[in-house]
Structures are given as structure tokens and as C-alpha cells.
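A structural walkthrough
Letter by letter, the chains look like this.
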Amino acid sequence: MQHKTIPKHYLRPRWSFLTQDKKLLVSAIKNGTVIDHINAGQALKIIRFLNLAAQNKLVTVGLNLPSKLMKTKDLIKVEDWEITPEEANQVALIAPQSTINIIINYQVSKKFALKLPEKIEHLLVCPNPKCITNHEPMDSFFYVKPRKQTIEVKCRYCEKQFSLNEIKDYKI
């Protein structure tokens, strides 16, 4: 029986992070979506926001990975799933500095430049317990207002304004 030698470049994933002792932290995906440069601690919020657990796809999450630019960052990879431009812009609410890459056959085929949406429908739950959206079967609607250090949203119905940190629940 003959053994074929596999070229070394096939064994080295392009999307990986190596520690100083050359330990592989995150491996490559063949096809799918990579959300990179997420502020540390925000990846789980994005997973919940995009309802990725219900997609029935392989999801790889890296939390507090070393980063030259950010010191630490989070990373999400989803096999065989392509994020839409609308979903990418919704990610901008949580991680506006993140980068989104669509991977086809281990290569970056598309990059999304994130843009904050002007409005968000259906996804956020208004933190105001008196808001009508919390008592009637209706969709929420928020206007998005970027500020210097934060992003704020204003409910169309109760007209209360909240920082994104005050939004604790999402409609999934």
C-alpha cells in the first residue's frame, strides 16, 4: 500500500490563531461565514442575536483570543451558512468594528463593510415594562442613533431612548 505525502500548506489552516508555543486555537472552515474582530465578551450576544444555535450548523466560537490590534477579541465561524447584508448590519449594533468574511473553498470570497442600520424591526425587546410592545402581539421598532462612545436606540411606541447595553432581550 502506498502512502501519499500531503503538502504542508494543506495542513496549515488559513484562519487560525497560534499561541506562542504554536498551539492551534481556531481552525479553518471550508465554506461559511467568519465574524472577526468582535470586542471581547460580545460573541455570545451575537450568537443569540442571530439565533445561530437554531441554524443547525457547526458554530465555532473563540472568546478572548489574542489580537495585535485589540489585545483580545472574540470570533465566530459558522460552517455552510452565509450571513445576509441585513444580518451583517444588525451585527454592527453589537460590534460595529467587526469584520465579516464569506468563505468559499477556504478562501475569502466576500467581505462586508458594516453599516449601522437606521432602524431595527422585530429583533429587540423594549426594556420599558410599560411599552405596548411588551403587552400586545406586535413587533418592536427602534430608531438607531449612533453616539460618540455608544449606540442608542429609541422605541417608536413608548419613545424612550436606551443604550444598547440596556437591551437585555431579543425576539428570536
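Residues numbered from 1 in each chain as written. Predicted model: local features only at pLDDT ≥ 70, side-chain atom pairs only at ≥ 80, totals over all residues. Heavy atoms only, no water.

Details of the overall build of the chain
Each helix and strand counted, the chain has 3 helices and 9 strands in total. Scanning the chain from its N terminus toward the C terminus, one meets helices and strands in the order α-β-α-β-β-α-β-β-β-β-β-β. Counting only residues that meet the buried cut, the chain has 37% of its 172 residues in that class. Partitioning the intrachain contacts of the chain with sequence separation of at least 6 by distance along the chain shows that 58% fall at a separation of at least 24. A total of about 11,100 Å² of accessible surface is found on the chain, and carbon and sulfur atoms cover 51% of it. (Helix = DSSP H or I, 4+ residues; strand = E, 2+ residues; numbered from the N terminus. Buried < 20%, exposed > 50% of the residue type's maximum accessible area, 1.4 Å probe, protein only. Contact = heavy atoms within 4.5 Å. Areas by Shrake-Rupley, 256 points an atom, 1.4 Å probe, with all protein chains shown as cover.)

Details of the state of the cysteines
This model, assessed by the stated rule, comprises 0 disulfides. Take Cys-155: it sits in no disulfide, and the sulfur closest to it among the cysteines is that of Cys-131, at 3.7 Å. (Disulfide = S-S within 2.5 Å.)

A short note on the confidence of the model for the chain
Residues at a pLDDT of 70 or more form 85% of the chain, whose mean pLDDT is 84. In this model, residues 1-16 is a region of pLDDT below 50 whose contacts with residues beyond four sequence positions or in other chains number 18 contacts. (pLDDT = per-residue confidence, 0-100.)

Brief notes about a nonpolar patch on the surface
Together, Leu-44, Val-61 and Leu-63 line one region of the surface with nonpolar side chains, adding up to about 250 Å² of accessible area. Leu-44 gets classed as exposed once you look at its relative accessible area, which sits at 51%. (Patch = residues over 30% accessible without salt bridge, like charges linked within 9 Å, V, L, I, M, F, W, Y side chains within 5 Å. Salt bridge = Lys/Arg side-chain N within 4 Å of Asp/Glu carboxyl O.)

Quick word on the layout of surface pockets
Reported here for the largest pocket is a volume of approximately 280 Å³. If you go around the largest pocket, you meet 17 residues; those closest to its centre are Gln-42, Leu-93, Ile-94, Leu-164 and Asn-165. When contributions to the lining of the largest pocket are tallied by element, the ones reaching two or more residues are α2 (43-49) and α3 (85-94). Looking at the lining of the largest pocket, its residues break down into 10 nonpolar, 6 polar and 1 charged. (1 Å grid on protein atoms, 1.4 Å probe; cavity = no way out; pocket = protein on both sides within 12 Å on 5 of 7 lines; lining within 4 Å. Points joined across faces, edges and corners; volume = space filled by probe spheres on them. Nonpolar A, V, L, I, M, F, W, Y, C, P; charged D, E, K, R; others polar.)

Some details on the environment of Asn-101
Structurally, the position occupied by Asn-101 is in strand β4 (residues 99-104). On the accessibility criterion, Asn-101 (3% relative accessible area) is buried. With 67 residues separating them in the primary sequence, Asn-101 and Val-34 have C-alpha atoms 5.2 Å apart. Within the local environment of Asn-101, its side chain forms a polar contact with the side chain of Lys-111, the two groups lying 3.4 Å apart. (Polar contact = N/O pair within 3.5 Å; in protein donor to acceptor, adjacent residues only side chain to side chain.)

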